[in-house]
Amino acid sequence: MAKNYREKEREYERTGQFDRDLNDEHRTFDAREIGEGYRYLPKTFGERLRRFFLIPAVKVFGSVYSFFGYGFKVKGKKNLRAIKKSGAISVCNHAHELDTLLVKLTLGCYRTFHTGSYYLLKRGWAGRIFKSGGFLPVGTTVKDLQNLQNAVGTLVKKGKIVNFYPEHALWRRYEKVRPFKPGAFRFAVKFDVPVIPVFMEFRETKLRKLLRMQKKVVVHILPAVYPDREGAIKERTQALLERVHGDMEKKYTEVYRRPMVFESESASEKEEAAATA
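Residues numbered from 1 in each chain as written. Predicted model: local features only at pLDDT ≥ 70, side-chain atom pairs only at ≥ 80, totals over all residues. Heavy atoms only, no water.

J.: Where do I start with the environment of V138 in this structure?
T.: Relative to the assigned elements, V138 resides in strand β4 (residues 135-138). Owing to a relative accessible area of 28%, V138 belongs among the partly exposed residues under this scheme. Taking the C-alpha atoms as reference points, V138 and I34, separated by 104 residues in sequence, lie 9.1 Å from one another. For V138, the contacting residues outside a window of four places in its chain are T115, G116, S117, Y118, L145 and L148. (Helix = DSSP H or I, 4+ residues; strand = E, 2+ residues; numbered from the N terminus. Buried < 20%, exposed > 50% of the residue type's maximum accessible area, 1.4 Å probe, protein only. Contact = heavy atoms within 4.5 Å.)

Structure (structure tokens):
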């Protein structure tokens, strides 16, 4: 299974399909409807009560599990303190099956909300718990996206952080920073809030290698990047995206001590060399 997963990863990287899920099938039959009557933010007494008990439990038990299971460590906390109580958009490379938990522990369990595909929000208690934990489903219709935009706007005005995975697809323990989708950056431009780049590093240690454990997870909070205030929204969005991606690529080069080169780029160079030979 793991071998097949890595083979797919190499194939998609070589062909430039960076936003394609390695798991081609998703459970949608038990997804909760997020149509006209869906409330993105917890407002009822029951929803707020669940959140009141859930978040402290996530903070305590999640911290213990992450530390012993993944050697979880956070670097760059001063960059989070620098934005003070301002609302913000955060973006993280989508490379761990529990990255939502790790980002929440990194940026603050109470302060951070998370976006994700609509089918992750299930019917019944699972969906209620997800919502209480701060999950914001990304739907497929214009109305869904408008409702999401309204929720994000409300949250950042209250000083909250809304996290996005701009690479879209989850590639487990993939180290490089894939190309970004513009959605998260468009929200940052629209609401005039900074973007906090969060880079997830997978670090090999002698002890974990000896014990045949997975690599240590180190989460880096990079300095916030602020959107330009002049110009068309599309151009400002693209400029912000490129600055954030550039910062995360620099962090990749710094921690892994090698340039970030994709298989597709290597293949192109080989083809060009062969054509000129």
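J.: Please explain the nonpolar core as it appears in this structure.
T.: Note on soluble globular proteins: their nonpolar side chains tend to be buried together. Formed by 68 residues in total, the largest nonpolar core has its most connected members in I89, V91, F185 and V244. Discounting residues that sit within four places of it in the chain, V244 has contacts with V91, F180, F185, V195, P197 and V225. (Core = buried A, V, L, I, M, F, W, Y, C linked by side-chain atoms within 4.5 Å.)

J.: Even after reading the chapter, I still don't get the packing of helix α2 (residues 45-70) against helix α5 (residues 125-132), so can you show me in this structure?
T.: Describing two packed helices takes the angle between their axes plus the distance from one axis to the other. Here α2 crosses α5 at 75°, and the two axes come no closer than 8 Å. Judged on the interaxial angle alone, α5 and α2 are roughly perpendicular. Side by side, α2 and α5 meet where E47, R50, R51, L54 and I55 of the first sit next to W125, R128, I129, K131 and S132 of the second. Its residues placed into classes, the contact of α2 with α5 shows four nonpolar, one polar and five charged. (Axes fitted to C-alpha atoms, helices over the stretch in contact; angles between N-to-C directions. Parallel < 35°, antiparallel > 145°, perpendicular 65-115°, else oblique. Nonpolar A, V, L, I, M, F, W, Y, C, P; charged D, E, K, R; others polar.)

J.: Whenever I open this one, the side chain of K176 confuses me. Can you help?
T.: With respect to the helices and strands, K176 occurs in the loop between β5 (161-164) and α7 (183-191). At a separation of 2.9 Å, a polar atom in the side chain of K176 contacts the side chain of E13. One polar contact links the side chain of K176 to the main-chain carbonyl oxygen of V261, over a distance of 2.7 Å. If near-sequence neighbours (up to four positions away) are discounted, K176 is found in contact with E13, E167, Y252, M260, V261, F262 and E263. (Polar contact = N/O pair within 3.5 Å; in protein donor to acceptor, adjacent residues only side chain to side chain.)

J.: Whenever I open this one, a nonpolar patch on the surface confuses me. Can you help?
T.: On the surface, a nonpolar cluster with roughly 500 Å² of combined accessible area is contributed by F45, L49, F52 and F53. Summarising the element assignment, L49 is placed in helix α2. Assessed through its relative accessible area of 38%, L49 is described here as partly exposed. (Patch = residues over 30% accessible without salt bridge, like charges linked within 9 Å, V, L, I, M, F, W, Y side chains within 5 Å. Areas by Shrake-Rupley, 256 points an atom, 1.4 Å probe, with all protein chains shown as cover. Salt bridge = Lys/Arg side-chain N within 4 Å of Asp/Glu carboxyl O.)

J.: Even after reading the chapter, I still don't get the pattern of salt bridges, so can you show me in this structure?
T.: Side-chain pairing between opposite charges can occur once the charged atoms of the two side chains come close. Going through the model one piece at a time under the given rule, you end up with 13 salt bridges. E47 is the partner of K131 in a salt bridge, and the nearest nitrogen-oxygen pair spans 2.9 Å. Here K131 is found in helix α5, whereas its partner E47 is found in helix α2, with 84 residues between them in sequence. An identical accessibility class is assigned to K131 and E47; each is buried.

J.: Teacher, can you tell me more about the environment of L120 here?
T.: Mapping L120 onto the fold places it in the loop between β3 (112-117) and α5. Between the alpha carbons of L120 and D30 there is a distance of 9.1 Å; along the sequence they are 90 residues apart. In this structure L120 touches F130 and F135, once residues within four positions along its chain are discounted.

J.: Would you mind going over the pairing of β4 with me for this structure?
T.: Put simply, side chains in a regular strand alternate between the two faces of the sheet. Judged from the four bridges that link them, β3 and β4 form a sheet pairing that is parallel. Counted as the bridge partner of H114 is F135 from β4. For the crossover from β3 across α5 to β4, the handedness is right-handed. (Pairing = 2+ DSSP bridges. Right-handed = clockwise from strand over helix to strand, strands pointing away.)

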